[in-house]
Amino acid sequence: MSYSFKVRNINYRFADLKTLLAKASPYRTGDVLAGICADSYEERVAAQTALADVPLKAFLNETIIPYESDEITRLIIDSHDVIAFNAINSLTVGEFRDWLLSDEVDNAVLKSIEAGITPEMAAAVSKLMRNQDLIAVAKKCEVITRFRNTIGLKGHFSTRLQPNHPTDDLKGVAASMIDGLLYGSGDAVIGINPATDSPAVVLNLLKLIDTVREQFEIPTQSCVLSHITTTLQLINSGAPVDLCFQSIGGTELCNSSFGINLALIEEAYQATLSLNRGTIGKNVMYFETGQGSELSANAHHGVDQQTVEARAYAVARRYKPLLVNSVVGFIGPEYLYDGKQIIRAALEDHFCGKLLGLPMGVDICYTNHAEADQDDMDNLLTLLGVAGCNFIMGIPGSDDIMLNYQSTSFHDALYLRKVLGYRPAPEFEQWLIKQGINYTNSTNYSELHEFIGANSERLLALISGI
Amino acid sequence: MKIVVSDPLTPLKEFTAARIAIGRAGTSIPMKETLQFKLAHAHARDAVYSVLDVEGLVSSLKTLNLPLLHLQSKALSRHKYLKRPDHGRQLDEASEQQLKDYNHGYDIAIVIADGLSAEAVNENAFDLLKILVPKLQSAKLKIAPLCLVEQGRVAVGDDIGFGLNAKLSLILIGERPGLSAADSMGAYLTFGPKPGLTDESRNCISNIRPQGLKAKPAADKIFYLIMEAFKRKLSGVGLKDDLAIGALGH
């Protein structure tokens, strides 16, 4: 059905929900590139005003990508929980925004309606929210996941240690990994992006992390971010796979350009579960997403990049992941032009993910052709810290020498823990304290130096033994 | 009292170029490392906004004795270029018109475009071509007029190859600058170039610069791939360059 709103003498008409969502979306270059963005500031506000009056129920009756032609639409509609939706079924999108912000709505209430919210509802309400609202509501959500430690508890904040190397050199990876561990990084996962998808290389990297983890008895999990088919192959050959990784998008067509579909993810999910390697929990999946990937694969069906990103979260939540992160600034300036757009997109992704029940992290990052710098990343880091983001990346000096982009450093995470009083995952924190690597109690670092002094030969031996 | 805590892991630095063992001030990155990082980012940013040195390139390229065309993509400014990759992939109308005078049929069209680092081609394109062009000529391949393109993306090479009626296109283009190198040039070749092709139809040789893949081995590798492409009448995923690596022994 069509929607409209009149401003002065112009009656703005929007042909369908998909168009209305696109026109109501805050400005970003990717939507301009797709030719679906509002033509003026006034048209955008007209669309937002019209959207505020749309009943949430409308999203169940009008799909933005046809049910018949897209398995993610089918997943969203078929898994929608009518009973959970009951509490909000009379609300419009605008009323939903006010309701989310109201004092009566806390984590318990949000959990009770989680399965009744579709990605499109989450995306729609986010378009009517200021950055402050996105932070305030996300902050209410507590999404806790477990494998060998507990991630996402209130007052805690974790990091993925990302020790990438341009040629997958094991000694090089180990050096970055040890550096990161001694800065207290790695409680979300020690996760390597391999430079090649060769199963032999991936296996060696997996064995490396596994060896270090076992030798130092670190309560964390490992992951090599290879294609899901490579991981499946490795699982079947008995490799030490803790978490199964995959990049996902919000349309069937986009996922097919990634070489995946829901059946394949299900197969890999079951295979990873069957290894039973988690000691305290069974969250075994790690997904990455990011606005713009659907357009970049020419698989967006005319849907705006923020809404179609939220649809990827429907895929993620089906498999009860340990970690999900939006690699927000990696895509480049033709999708998110500058610090302002990257920051807005990150807050939207974090909010939508959390509202849909996902353990959201964010790769706070930018490329050198984007109009962004470390100051923008510091702003975003602080905002996401306040919003209760589950985890960020930890990369030596912010500089990923394999993927050639800038993300957050080990030091950045310590800054956030210090200014906001956050602590690592409890099991990991206990390990840090035991090793004398206790950055959360920042008054005394001498123990750390004692630890390194006492272990330096062991650490170097570890590397030379590789 | 020492304000900056030096890093006991310094010996690990020999294993990786990553910024490890950088010490800390409180829990923050020390001044020295912060400034080094800023400088690397400044180099990368300046490279993105660097401009094709048309005069310099024309004067060095004329020693190759080939006609030279100066073209422009549909992206009229750097800001437009960054926001609209589709514009950077197409020539503007005046440039398309220019090609029409030269569509006599060639074996190879060679294109030089600024891409995301004009600096990279300003510094590396001629050094590569002065080795590669004579090799192509001695292999009796007919080379089209050299094309200099401002605000160009990789795919513009295919449009030009098509417009010049060439059997193969080769584009030398500035790669997205990283913190470790802002002057890295890439070379992409397409057999049977035409508008609308994507990466899977091309072969890429990356990181061409004095501190990376030097001009001589880069030219050898490109020449090898070009000859293989002509022999097998294809390029892209079907044409692996591991043969080239084996044949050249590096």
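Attention in this report is confined to the structure presented alongside it. (Residues numbered from 1 in each chain as written. Chains lettered and ligands numbered in written order. Predicted model: local features only at pLDDT ≥ 70, side-chain atom pairs only at ≥ 80, totals over all residues. Heavy atoms only, no water.)

Topic: the overall build of chain A
So, step 1. Helix and strand content of chain A: 22 helices and 14 strands.
So, step 2. In summary, chain A has a C-alpha radius of gyration of 22 Å against a globular reference of 23 Å for 466 residues, a match within 12%.
So, step 3. Overall, chain A is about 75 × 45 × 45 Å in size when its C-alpha atoms are taken along their principal axes.
So, step 4. Buried residues in chain A amount to 63% of all 466 residues.
So, step 5. Within chain A, contacts between residues at least 6 apart in sequence are counted, and of these 78% link residues at least 24 apart.
So, step 6. Summing over all exposed atoms, chain A offers an accessible surface of approximately 15,700 Å²; the carbon and sulfur share of this is 51%. (Helix = DSSP H or I, 4+ residues; strand = E, 2+ residues; numbered from the N terminus. Rg over C-alpha atoms; globule rule 2.2 N^0.38 Å. Buried < 20%, exposed > 50% of the residue type's maximum accessible area, 1.4 Å probe, protein only. Contact = heavy atoms within 4.5 Å. Areas by Shrake-Rupley, 256 points an atom, 1.4 Å probe, with all protein chains shown as cover.)

Overview of the overall build of chain B
So, step 1. When helices and strands are tallied, chain B shows 9 helices and 8 strands.
So, step 2. Seen through its principal axes, chain B has C-alpha atoms that stretch 75 × 45 × 35 Å.
So, step 3. Relative to its 250 residues, chain B shows a buried fraction of 54%.
So, step 4. Expressed as a percentage of contacts within chain B between residues at least 6 apart in sequence, the contacts between residues at least 24 apart total 68%.
So, step 5. Working note: accessible area of chain B is about 11,200 Å², and carbon and sulfur atoms make up 55% of it.
So, step 6. In chain B, the 32 positive side-chain charges and the 27 negative ones have mean positions that sit 3 Å from each other. (Lys, Arg positive; Asp, Glu negative; His and termini not counted. Charge placed at Lys NZ, Arg CZ, Asp CG, Glu CD.)

Focus on the interface of chain B and chain A
Much of the literature gives interface size as the accessible area that the parts lose upon coming together.
So, step 1. Every contact between the two is made by 39 residues of chain B and, on the other side, 47 residues of chain A.
So, step 2. Roughly 3,500 Å² of surface becomes buried between chain B and chain A when both sides are summed, with 62% attributable to carbon and sulfur atoms.
So, step 3. Among the residues chain B hides against chain A, the three largest losses belong to F15, T27 and R176 of chain B. Together they make up 20% of the total.
So, step 4. Here chain B is connected to chain A by 2 salt bridges. (Buried area = accessible area lost by both parts, 1.4 Å probe. Salt bridge = Lys/Arg side-chain N within 4 Å of Asp/Glu carboxyl O.)

What about the pairing of strand β4 (residues 106-113) of chain B?
Residue and element names in this part refer to chain B.
So, step 1. A large share of β4 lies buried, amounting to 8 of its 8 residues.
So, step 2. Summarising the sheet, β4 and strand β6 (residues 166-174) pair through 7 bridges and their orientation is parallel. The partner of V111 across the bridge, within β6, is I171.
So, step 3. Pairing analysis gives 3 bridges linking β4 to strand β5 (residues 146-150), with the strands arranged parallel. Bridge assignment links I112 to a residue of β5, and that residue is L148.
So, step 4. Running through helix α6 (residues 118-138), the crossover from β4 to the neighbouring parallel element β5 is right-handed. (Pairing = 2+ DSSP bridges. Right-handed = clockwise from strand over helix to strand, strands pointing away.)

Considerations on helix α15 (residues 262-275) of chain A
Residue and element names in this part refer to chain A.
So, step 1. Relative to the 20 Å expected for 14 residues at 1.5 Å per residue, α15 spans 20 Å between its end C-alpha atoms, a close match to the ideal helical length.
So, step 2. Among the residues of α15, those classed as buried are L262, L264, I265, A268, Y269, A271 and T272.
So, step 3. For α15, the side-chain oxygen to backbone nitrogen distance between the N-cap and A263 is 3.1 Å, and the N-cap itself is N261.
So, step 4. In the stretch just after α15, N276 is the one whose phi turns positive, near 55 degrees. (Expected span 1.5 Å × (residues − 1). Polar contact = N/O pair within 3.5 Å; in protein donor to acceptor, adjacent residues only side chain to side chain.)

A few points about the packing of helix α9 (residues 119-127) of chain A against helix α17 (residues 305-318) of chain A
A pair of packed helices is captured by two measures, namely the crossing angle of their axes and the spacing between those axes.
Residues and elements named next belong to chain A.
So, step 1. Direction vectors running N to C along α9 and α17 enclose 140 degrees, while the axes themselves pass 8 Å from each other. Between α9 and α17, the angle falls in the class oblique. By crossing handedness, the relation of α9 to α17 is classed as right-handed. Residue-level inspection shows P119, E120, A123, S126 and K127 of α9 in contact with α17, the latter providing Q306, T307, A310, R311 and A314.
So, step 2. Taken together, the residues of the contact of α9 with α17 break down into 4 nonpolar, 3 polar and 3 charged. (Axes fitted to C-alpha atoms, helices over the stretch in contact; angles between N-to-C directions. Parallel < 35°, antiparallel > 145°, perpendicular 65-115°, else oblique. Left-handed = near helix turned anticlockwise from the far one by under 90°. Nonpolar A, V, L, I, M, F, W, Y, C, P; charged D, E, K, R; others polar.)

Focus on the environment of A124 of chain A
All names here are of chain A.
So, step 1. Tracing the chain through its elements places A124 in helix α9.
So, step 2. In this structure, the C-alpha to C-alpha distance between A124 and D349, residues 225 residues apart in sequence, is 12 Å.
So, step 3. Setting aside anything within four residues of it in sequence, one finds A124 in contact with L21, L51, F59 and V93.

Focus on the packing of α17 of chain A against helix α18 (residues 339-355) of chain A
Residue and element names in this part refer to chain A.
So, step 1. Viewed as axis vectors pointing N to C, α17 and α18 meet at an angle of 35 degrees, and their least axial separation amounts to 10 Å. Our pair here, α17 against α18, has a crossing hand that is right-handed. In this structure, α17 uses Q306, E309, A310 and Y313 to contact α18, whose residues at the interface are E348, D349, C352 and G353.
So, step 2. Of the residues that constitute the contact of α17 with α18, the class distribution is 3 nonpolar, 2 polar and 3 charged.

Some points on unusual backbone geometry
Residues and elements named next belong to chain A.
So, step 1. The residue E217 is not glycine, and still its phi comes out positive at about 50 degrees.
So, step 2. A positive phi angle, close to 45 degrees, is found at K320, a residue other than glycine.
So, step 3. Checked against the element boundaries, K320 lands in the loop between α17 and β10 (323-326).

Some details on helix α12 (residues 199-215) of chain A
All names here are of chain A.
So, step 1. Between its first and last C-alpha, α12 extends 24 Å over 17 residues, near the 24 Å set by a 1.5 Å rise per residue.
So, step 2. Turning to α12, its buried residues number three or more, namely V202, L205, L206, L208, I209, D210, V212 and R213.
So, step 3. Backbone geometry just after α12 places E217 at a positive phi near 50 degrees.

Description of the sheet that holds strand β7 (residues 185-191) of chain B
Residue and element names in this part refer to chain B.
So, step 1. One open sheet accounts for 6 strands, arranged β3-β5-β4-β6-β7-β8; its pairing is mixed. Looking at the sheet topology across the chains shown, the edges are occupied by β3 (68-72) and β8 (202-208). Each strand axis lies, on average, 20 degrees off the axis of its neighbour in the sheet, ignoring direction.
So, step 2. Relative to β7, β6 runs antiparallel, the two sharing 7 bridges. Bridge pairing in β7 links I173 to G186.
So, step 3. Across the sheet, helix α2 (residues 54-61) lies against β3, β4 and β5, angled at about 170 degrees from β5, the strand it touches most.

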